[in-house]
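Examining the three-dimensional arrangement
This is what each chain is made of:
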Amino acid sequence: MGVRSRAIAATLVATAMFVGLVLPGAAGAKARTYKVPASTLQSVELKGTHGYKLNLAVEDHGIAFLSAVNYRSHPVLKFVTYSIRKHPHAEPDTLALKIGDEGSFEGTFVTKSVKHEAVSVPCHGDPSTVEAGFFVGTFDFDGAGGFTAVQRTRAAGTVIRSAPQVCRGPDKGKPGDDTSIYGESEEEAHELQLIAGKPDGDPRFQASRYEETTAGEDVPPSMSFIGGVSRTSQGVEISSDIVVLGGKAATFQVSNPLRPAAEVTVAPPAPFSGTATFKLGNPAASRWTGDLAVELPVFGRVALTGPMIAAGVCEAPGKCTKTLPPAMRPDAAGAFDGSFYAS
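**What to know about the state of the cysteines**
What makes a disulfide is a covalent bond joining the sulfur atoms belonging to two cysteines. Considering all chains together, one arrives at two disulfides under this definition. For Cys123, the disulfide goes to Cys167, at an S-S distance of 2.0 Å. On the S-S bond that ties Cys123 to Cys167, the torsion sits near 105°, and the link is right-handed. Residue Cys123 is found in strand β8 (residues 123-125), and its partner Cys167 is found in strand β11 (residues 165-168); the two are separated by 44 residues along the sequence. For the pair formed by Cys123 and Cys167, the shared burial category is buried. Disulfide pairing places Cys314 opposite Cys320 at an S-S distance of 2.0 Å. Residues Cys314 and Cys320 are joined through a disulfide that is right-handed, its torsion about the S-S bond being 100°.

**Considering the sheet that holds β8**
Spatial ordering of the open sheet is given by β1-β11-β8, a layout of three strands whose pairing is antiparallel. Of all strands in the sheet, those bounded by a partner on one side alone are β1 (33-36) and β8. Pairs of neighbouring strands in the sheet enclose a mean axial angle of 25°, with direction left out of account. For β1 and β11, the ladder comprises four bridges, and the chain directions are antiparallel. Directly across from Val36, in β11, lies its bridge partner Gln165.

**With respect to the nonpolar core**
Of all hydrophobic cores here, the largest spans 27 residues; its most connected members are Leu194, Phe205, Phe225, Phe252, Val266, Phe272 and Trp288. Of all the elements in the fold, those that place two or more residues in this core are β12 (189-197), β13 (204-212), β14 (222-233), β15 (236-245), β17 (263-266), β19 (276-279), β21 (293-296) and β23 (310-316). Membership of the second largest hydrophobic core comes to 26 residues, among which are Val58, Leu66, Ile99 and Val159.

Procedures and definitions
Residues numbered from 1 in each chain as written. Predicted model: local features only at pLDDT ≥ 70, side-chain atom pairs only at ≥ 80, totals over all residues. Heavy atoms only, no water. Disulfide = S-S within 2.5 Å. Helix = DSSP H or I, 4+ residues; strand = E, 2+ residues; numbered from the N terminus. Buried < 20%, exposed > 50% of the residue type's maximum accessible area, 1.4 Å probe, protein only. Pairing = 2+ DSSP bridges. Axes fitted to C-alpha atoms, helices over the stretch in contact; angles between N-to-C directions. Core = buried A, V, L, I, M, F, W, Y, C linked by side-chain atoms within 4.5 Å.

Pasting the structure below:
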């Protein structure tokens, strides 16, 4: 896998929160096994304006999740998500959900085909029933700031009915395990991350620089940038993120290659604007300065620097400057905890 392909893969891993649902009982479970109760999951697919695709997932235990994703403007990817932890229970095969002042989704499911799927490892239980078909009703959504809109009376959908399951959690890492998310040694590839923001994700910024050492080849570094915010309004958590894949060498500059964490300057491509510099110094020193900002769906222009915004540099997963709060640090496997990039 090339450097650029790995940059894309890592970026999508970092933004996996945009397309995931947390099942009850799984989150935060430290035991080797955990139970997942029986559930019904309704999924609706809709095509919005301005290149966005919408996917609505409603689980009968109270979790609802709407994602709006725009891949058409590659290398700039746009993600907006709305999540509700508790919503009114609807009748079987009936969808009824309101998302703040922006959307209302009401419909009745019509089944066209039914199949059964075995539970996948590491879970055990009876097969799930997957019903494919469509919802008939009223589906209206008008995203804040006009980033996308939907008005439909019919939408493709799926209903998945799952029996109770018992799942096995991941085994704890053992000394000597390879923690690289690429399965490569540090001699083959090197990743440098600059991370800034607040632990609650309002705002958040991540710049990544990938370099590969290949005998006899001069491989240029590959960059990626993520900027976003997460805020709660009327009981709905709204996250908006921009991902830029690629950029010239000048967009991510390291002052001293022998001490890469000492000083880093970033100037990402549009829809980012401005620049910012991280300098590692004494505790009282200013470490994150500049006028870096990003233009986000829903929230508009968001500043990514300021006196209350922390920053730090990670030379490898789990190896970050102490200036970065624990909640903002990727762990040894390259993942973030639930309060920053894995909301």
